[in-house]
There are 2 protein chains.
Amino acid sequence: MVTIDDVAKRAGVAPSTVSYALSGKRPISGETRERIEKAIADLGYRQHASARALASQRTDVIGLMAPLRVGVDVNVIMQFVAGVVAGANASGYDVLLVTQEDGVLDRVVGSSMVDAVVVMDVEAADPRIPQLSALGRPTVLIGLPAEPQGLSCIDLDFARAGALAARHLTGLGHRSIALLGSPAEVMERHTSYAERMNRGFTDACEGAGAQHLVIPTNPSVSGAEEAVERLLAELPDVTALVVHNEVALPHVISALRARGRSVPEDLSLVALCPENTALAQVPPVTSIDLPAETIGRAAIDMLTAIIDEGAPGEVRLIAPQVVERGTTRAPRSAG
Amino acid sequence: MVTIDDVAKRAGVAPSTVSYALSGKRPISGETRERIEKAIADLGYRQHASARALASQRTDVIGLMAPLRVGVDVNVIMQFVAGVVAGANASGYDVLLVTQEDGVLDRVVGSSMVDAVVVMDVEAADPRIPQLSALGRPTVLIGLPAEPQGLSCIDLDFARAGALAARHLTGLGHRSIALLGSPAEVMERHTSYAERMNRGFTDACEGAGAQHLVIPTNPSVSGAEEAVERLLAELPDVTALVVHNEVALPHVISALRARGRSVPEDLSLVALCPENTALAQVPPVTSIDLPAETIGRAAIDMLTAIIDEGAPGEVRLIAPQVVERGTTRAPRSAG
DNA sequence: ACGCTTAGTCGAAGCGCTTCGAGGGCTAGC
DNA sequence: GCTAGCCCTCGAAGCGCTTCGACTAAGCGT
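Residue indices follow the written sequence of each chain, beginning from 1 at its first position. Chains and ligands are labelled sequentially in the order written, the chains with letters from A and the ligands with numbers from 1. Given that the model is predicted, a residue must reach a pLDDT of at least 70 before its local features are reported, and side-chain atom pairs must reach 80 or more before they are shown or counted; all residues, however, enter totals for whole chains, interfaces and linings. Hydrogen atoms and water are omitted, and side-chain values are computed over all heavy atoms in the structure.

**A few points about the interface of chain A and chain B**
Item 1. We call two residues contacting when some pair of their heavy atoms lies within 4.5 Å. Across the boundary between the two partners, chain A contributes 45 residues, which contact 45 residues of chain B.
Item 2. For any pair of parts, buried area is found by adding up, for both, the accessible area (1.4 Å probe) each one loses once the two are put together. Of the roughly 3,600 Å² buried between chain A and chain B, counting both surfaces, carbon and sulfur atoms make up 59%.
Item 3. It is Arg-46, Asp-94 and Leu-97 of chain A in chain A that bury the most area against chain B; as a group they hold 14% of the surface buried on that side.
Item 4. Think of a salt bridge as a Lys or Arg side-chain nitrogen and an Asp or Glu carboxyl oxygen that are within 4 Å of each other. Remark: the boundary between chain A and chain B carries 4 salt bridges.

**Some remarks on the environment of Leu-179 of chain B**
Residue and element names in this part refer to chain B.
Item 1. Tracing the chain through its elements places Leu-179 in strand E6 (residues 176-181).
Item 2. Taking the C-alpha atoms as reference points, Leu-179 and Arg-297, 118 residues apart in sequence, are found 29 Å from one another.
Item 3. If sequence neighbours within four positions are ignored, Leu-179 has contacts with Met-197, Asn-198, Phe-201, Leu-213, Val-214, Ile-215, Val-242 and His-244. Secondary structure elements follow DSSP: runs of H or I no shorter than four residues count as helices, runs of E no shorter than two count as strands, and numbering proceeds from the N terminus.

**Regarding the sheet that holds strand E6 (residues 176-181) of chain A**
Residue and element names in this part refer to chain A.
Item 1. Within the open sheet, the 6 strands sit side by side as E7-E6-E8-E9-E10-E12. Their pairing is mixed. Of all strands in the sheet, those with a lone pairing partner are strand E7 (211-216) and strand E12 (322-323), marking the two edges.
Item 2. One ladder, built from 2 bridges, connects strand E10 (residues 286-289) with E12; its direction is antiparallel. Within E12, the residue paired with Ser-287 across the bridge is Val-323.
Item 3. Every axis in this analysis is a line fitted to C-alpha atoms, fitted for helices over the stretch in contact. Angles between the N-to-C directions lie between 0 and 180 degrees. The strands touched by helix H11 (residues 221-234) are E6, E7 and strand E8 (240-243); relative to E7, the strand with the most contacts, the crossing angle is about 155°. Should DSSP find at least two bridges between two strands, the strands are regarded as paired.

**Focus on the protein's contact with DNA strand C**
Item 1. In the vicinity of DNA strand C, 31 residues are found, and the nearest of them are Thr-17 and Thr-32 of chain A together with Ile-4, Arg-26 and Tyr-45 of chain B.
Item 2. For DNA strand C, the fraction of protein-proximal atoms (within 4 Å) that sit in sugar or phosphate groups is 57%.
Item 3. Tyr-20 of chain B places a side-chain nitrogen or oxygen 2.6 Å from a base nitrogen of DNA strand C.
Item 4. Polar contact is defined as a pair of N or O atoms within 3.5 Å, subject to the rule that within protein one atom must be able to donate a hydrogen and the other to accept it, and that residues adjacent in sequence are counted only when both atoms are side-chain atoms. A distance of 2.5 Å separates a phosphate oxygen of DNA strand C from a polar atom in the side chain of Tyr-45 of chain B.
Item 5. Of all the elements, helix H4 (residues 49-56) of chain B adds the most residues to the surface near DNA strand C, at 5 residues. Being near a molecule or strand, for a residue, comes down to having at least one heavy atom within 4 Å of it.

**A few points about the domain arrangement of chain A**
Item 1. The start and end points of each domain follow an automatic or database-based domain assignment. Domain annotation for chain A reports domain 1 (4-47), domain 2 (61-156 + 292-318) and domain 3 (158-289).
Item 2. Each of domain 1 of chain A and domain 2 of chain A has a C-alpha centre, and these two points are 36 Å apart.

**A few points about the pairing of strand E3 (residues 116-119) of chain B**
Residue and element names in this part refer to chain B.
Item 1. By the alternation rule, side chains of E3 split into Ala-116 and Val-118 and Val-117 and Val-119, which are all buried.
Item 2. In this sheet, E3 lies alongside strand E1 (residues 61-65) in parallel orientation, the contact comprising 4 bridges. Looking across to E3, one finds that Gly-63 is bridged to Val-117.
Item 3. In this structure, E3 lies alongside strand E4 (residues 139-142), joined through 3 bridges in parallel fashion. Bridging across to E4, Val-119 finds its partner in Leu-141.
Item 4. If the strands point away from the viewer and the path from the first strand over the helix to the second runs clockwise, then the crossover is right-handed. Handedness of the crossover joining E3 and E4 through helix H7 (residues 128-135): right-handed. With a 1.4 Å probe rolled over the protein chains alone, any residue whose accessible area is under 20% of its type maximum counts as buried; one over 50% counts as exposed, and the rest are partly exposed.

**Re the nonpolar core**
Item 1. What makes a nonpolar core is a set of buried Ala, Val, Leu, Ile, Met, Phe, Trp, Tyr and Cys residues whose side-chain atoms join them at distances within 4.5 Å. The biggest cluster of nonpolar side chains holds 105 residues, and the ones touching the most others in it are Val-81, Ile-142 and Val-242 of chain A together with Val-81, Ile-142 and Val-242 of chain B.
Item 2. For Val-242 of chain A, the residues in contact, after removing those within four places along its chain, are Ala-165, Leu-169, Ile-177, Ala-178, Leu-179, Leu-180, Met-197, Phe-201 and Val-270 of chain A.
Item 3. If you look at the next biggest cluster of nonpolar residues, it comprises 40 residues, including Val-61, Leu-105 and Val-122 of chain A together with Met-113 of chain B.

**Digging into the relation of the copies chain A and chain B**
Both copies of the chain are placed relative to one another by a rotation about an axis and a shift along it.
Item 1. The operation relating chain A to chain B is a screw motion whose rotation component is 180°, with 0.0 Å of axial translation and a residual RMSD of 0.0 Å. The superposition of one copy onto the other is thereby described by a two-fold rotation axis.
Item 2. When you check the interface residues of chain A against chain B, 100% turn up at the interface there too, and the contact is symmetric in its surfaces. Least squares is the method used to superpose the copies, on C-alpha atoms of residues holding a pLDDT of at least 70 in both.

**What about the pattern of salt bridges?**
Item 1. Taken as a whole and assessed by the stated rule, the structure comprises 40 salt bridges over all chains.
Item 2. For the salt bridge of Arg-58 of chain A with Asp-60 of chain A, the shortest nitrogen-to-oxygen distance reads 2.2 Å.
Item 3. For Asp-60 of chain A, a relative accessible area of 18% gives the class buried.
Item 4. For Glu-314 of chain B, the salt bridge goes to Arg-316 of chain B, with nearest N and O atoms at 3.3 Å.
Item 5. On the accessibility criterion, Glu-314 of chain B (33% relative accessible area) is partly exposed.
Item 6. A cluster of three or more residues bridged by salt bridges with shared partners is formed by Arg-69, Glu-101, Asp-121, Glu-123 and Arg-189 of chain A.

**Details of unusual backbone geometry**
Item 1. Pro-264 of chain A follows Val-263 of chain A through a cis peptide bond whose omega is 5°.
Item 2. Examined against the element boundaries, Pro-264 of chain A turns out to sit in the loop between helix H12 (249-258) and strand E9 (268-273).
Item 3. The amide bond that connects Val-282 of chain B to the next residue, Pro-283 of chain B, takes the cis arrangement and shows omega of -5°.
Item 4. By the element assignment, Pro-283 of chain B lies in the loop between helix H13 (275-280) and strand E10 (286-289).
Item 5. The backbone of Gln-149 of chain A shows a phi angle near 50°, a positive value even though the residue is not glycine.
Item 6. Using a relative accessible area of 47% as the deciding quantity, one classes Gln-149 of chain A as partly exposed.
Item 7. The phi torsion at Gln-57 of chain B lies on the positive side, around 65°, for a residue other than glycine.

**Some words on the protein's contact with DNA strand D**
Item 1. Looking at DNA strand D, there are 30 residues lining it, with Ile-4, Arg-26 and Tyr-45 of chain A together with Thr-17 and Thr-32 of chain B nearest.
Item 2. When atoms of DNA strand D within 4 Å of the protein are sorted by moiety, sugar and phosphate together comprise 57%.
Item 3. Within the side chain of Gln-47 of chain A, one N or O atom sits 2.8 Å away from a phosphate oxygen of DNA strand D.
Item 4. Here Thr-17 of chain B contributes a side-chain N or O atom positioned 2.4 Å from a phosphate oxygen of DNA strand D.

**Quick word on the packing of helix H2 (residues 15-23) of chain A against helix H3 (residues 30-43) of chain A**
Residues and elements named next belong to chain A.
Item 1. Close contact between H2 and H3 brings their axes to 10 Å; oriented N to C, the two are set at 95°. In terms of orientation, H2 and H3 fall into the roughly perpendicular class. The residues of H3 that touch H2, namely those facing Thr-17, Val-18, Ala-21 and Leu-22, are Thr-32, Arg-33, Ile-36 and Ile-40.
Item 2. Lys, Arg, Asp and Glu make up the charged group, whereas Ala, Val, Leu, Ile, Met, Phe, Trp, Tyr, Cys and Pro make up the nonpolar group; the residues left over, Gly among them, are polar. Class assignment of the residues belonging to the contact of H2 with H3 gives a composition of 5 nonpolar, 2 polar and 1 charged. In this scheme, roughly parallel covers angles under 35 degrees and roughly antiparallel covers those over 145, while 65 to 115 is roughly perpendicular and the rest are oblique.

**So, the sheet that holds strand E9 (residues 268-273) of chain B**
All names here are of chain B.
Item 1. Here we have 6 strands laid out as an open sheet, ordered E7-E6-E8-E9-E10-E12, and mixed in their pairing. The strands lining the two open edges of the sheet, one partner per strand, are strand E7 (211-216) and strand E12 (322-323).
Item 2. Examined bridge by bridge, E6 and strand E8 (residues 240-243) share 4 bridges and lie parallel to one another. Bridging across to E8, Leu-180 finds its partner in Val-243.
Item 3. Across the sheet, helix H8 (residues 158-171) is in contact with E6, E8, E9, E10 and E12; its angle to E9 comes to roughly 165°.
Item 4. In the packing of helix H11 (residues 221-234) onto the sheet, contacts are made with E6, E7 and E8, and the angle to E7 comes to roughly 155°.

**Details of the side chain of Asn-75 of chain B**
Item 1. In this structure, Asn-75 of chain B sits in helix H5 (residues 74-90).
Item 2. For Asn-75 of chain B, a relative accessible area of 15% corresponds to the buried category.
Item 3. Leave out the neighbours within four places in its chain, and Asn-75 of chain B touches Asn-75, Gln-79 and Asn-276 of chain A.

Here is the structure:
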């Protein structure tokens with residue numbers, strides 16, 4: 001292995017000079033710098049990451065905790081991951097991706113493997129939050145716990161998204177609306193986004209005086225069938241639907257069709273999902289985009305602001321927007 | 001920060017003894033071990049990862065190179081990623097996920113950030129392969145280049161998959177079959193899996209004396225439409241279809257339906273895609289599974305075999321299997 | 001001509017850990 | 001009773017890098 005000493009020797013300078021040339025933390029004359037650069041190229045020198053990390057107390061690695069829990073769609077999680085990684089790489093960081101649950105935080109953060117952490121799938125009262133506060137590393141949560149305890153958070157504004165979906169439909173004249181939402185397990189964990197979505201939806205329906213119903217939906221063909229059964233049983237004159245469940249979405253549409261309710265003729269539908277999921281439906285559905293890539297990149301921006309400028313904890317919620325793709329219209333009776 | 005010296009002091013032993021107690025590389029008496037463990041617990045000691053890596057020359061981190069190239073489906077890539085991470089965590093490794101392209105290999109491997117590498121989206125003559133050979137770190141490729149140069153490879157046997165799909169259809173009596181495959185960009189890069197798939201498909205069709213056609217398909221609604229147009233123009237009496245394109249799949253089905261060819265009544269269809277994609281179609285389609293999770297875990301197994309036992313390079317191809325879900329049947333004329 | 005600053009470089013002291021060789025204290029063998 | 005051998009532990013020497021203080025030479029104003 002070629003070390004900084006080898007480079008120094010070949011360039012005829014001290015190792016510290018090479019280090020300063022590399023980091024730019026002290027001025028180096030042009031001539032010396034050139035000799036050093038040549039030596040580096042000749043020798044094929046590469047800094048040893050661990051040695052640098054040990055001496056400088058920074059690894060330039062960001063930890064990304066993305067638990068793959070039952071009930072959350074891997075594809076959705078992974079879209080966030082892709083966004084975070086892209087953002088991190090663009091900012092000169094690498095990403096250590098961890099999907100386990102248990103002692104990971106302690107291990108990865110406690111052992112100084114990472115300079116900072118991004119945490120996903122946050123529950124309302126997430127046990128990791130006090131831990132993270134205690135650890136004292138720069139942290140950004142993707143999600144919004146009840147008590148952020150000074151940690152930065154970023155997420156889609158699910159409360160507004162739920163409300164927006166509801167109002168989009170009541171605005172068209174619908175008076176009987178259901179939300180087919182996250183699976184029961186996710187609700188039972190008090191997963192932040194699911195609770196906020198439901199509350200936003202429910203409040204807006206009540207504000208508009210519309211009948212409403214929330215049905216937890218399992219992410220499977222049968223889950224979609226069951227949800228549709230229950231929907232038609234409990235709210236037979238339903239005219240509009242919000243679906244917040246990527247996996248169930250296509251099967252909800254087909255289950256409805258199989259029962260003689262087609263979208264959008266008989267039933268309006270707006271989904272909350274990543275854009276590509278909305279576009280993958282037949283027909284593509286009107287949706288509120290879950291901008292995973294954007295959120296991932298924003299999380300990194302917030303993190304670098306904390307690392308570099310000691311920025312304080314901040315909560316940033318992305319405003320939801322409806323993208324019309326033709327699956328919502330006024331109800332029959334009102335049209 | 002509490003160091004190994006603090007622990008040693010509190011336990012009344014030498015730092016090296018603590019180190020040996022931790023690593024188990026030398027025997028430690030039960031009594032001493034207990035004192036050390038108590039001291040660790042009392043102090044909340046955590047090993048410093050970089051220090052350990054520097055001294056021991058291993059990081060227990062695996063690098064995962066997953067370039068997010070145009071034309072490859074993020075979701076599919078990310079399913080592999082999830083499998084690799086799960087496997088790695090289970091084997092005591094963490095994963096550094098990199099999606100950039102350029103100098104990454106050099107940077108990440110050259111700087112000793114990782115003990116080993118998993119490389120995805122391998123092209124037939126991938127420029128990274130000589131690099132990887134030269135770097136000399138344990139490596140597993142997910143994919144199969146023309147010249148593995150001693151590197152280990154794992155992948156679905158796409159040649160057999162293409163052949164299997166074709167024979168499944170010819171076996172049912174189909175004599176005019178098309179493959180809607182990877183986008184043109186992917187083919188132009190000579191991406192390994194796409195080429196193998198096409199060749200397997202083509203050879204099997206010729207072997208069975210069936211008319212065949214391969215249509216590169218863009219992963220979008222319009223791409224699917226164009227492919228279907230071209231299909232019906234160039235092979236008007238087509239009776240069966242293989243689709244190897246996750247994104248286009250639903251739109252291919254609906255484009256066919258819109259042109260009066262429904263699946264499976266008029267046209268049999270078998271897809272090559274992850275199971276969840278097959279299940280997400282309406283109706284769920286007969287498919288050859290792309291077992292991303294399995295392959296990811298197997299990649300880690302092969303890697304640990306190389307790391308721990310110095311296992312030699314090995315090429316492992318997973319046998320494809322058709323899972324019947326009702327979208328293939330005998331053609332009309334033959335039925 | 002004088003001290004002052006500034007630019008450019010050096011040497012040495014760590015960062016926290018692992019590992020090697022050595023050595024003390026025992027038991028066992030004869 | 002002495003030594004061979006084993007078990008357990010210690011101390012010291014790094015791993016490759018950063019960073020601090022110090023030093024030299026040159027440039028500046030007065």
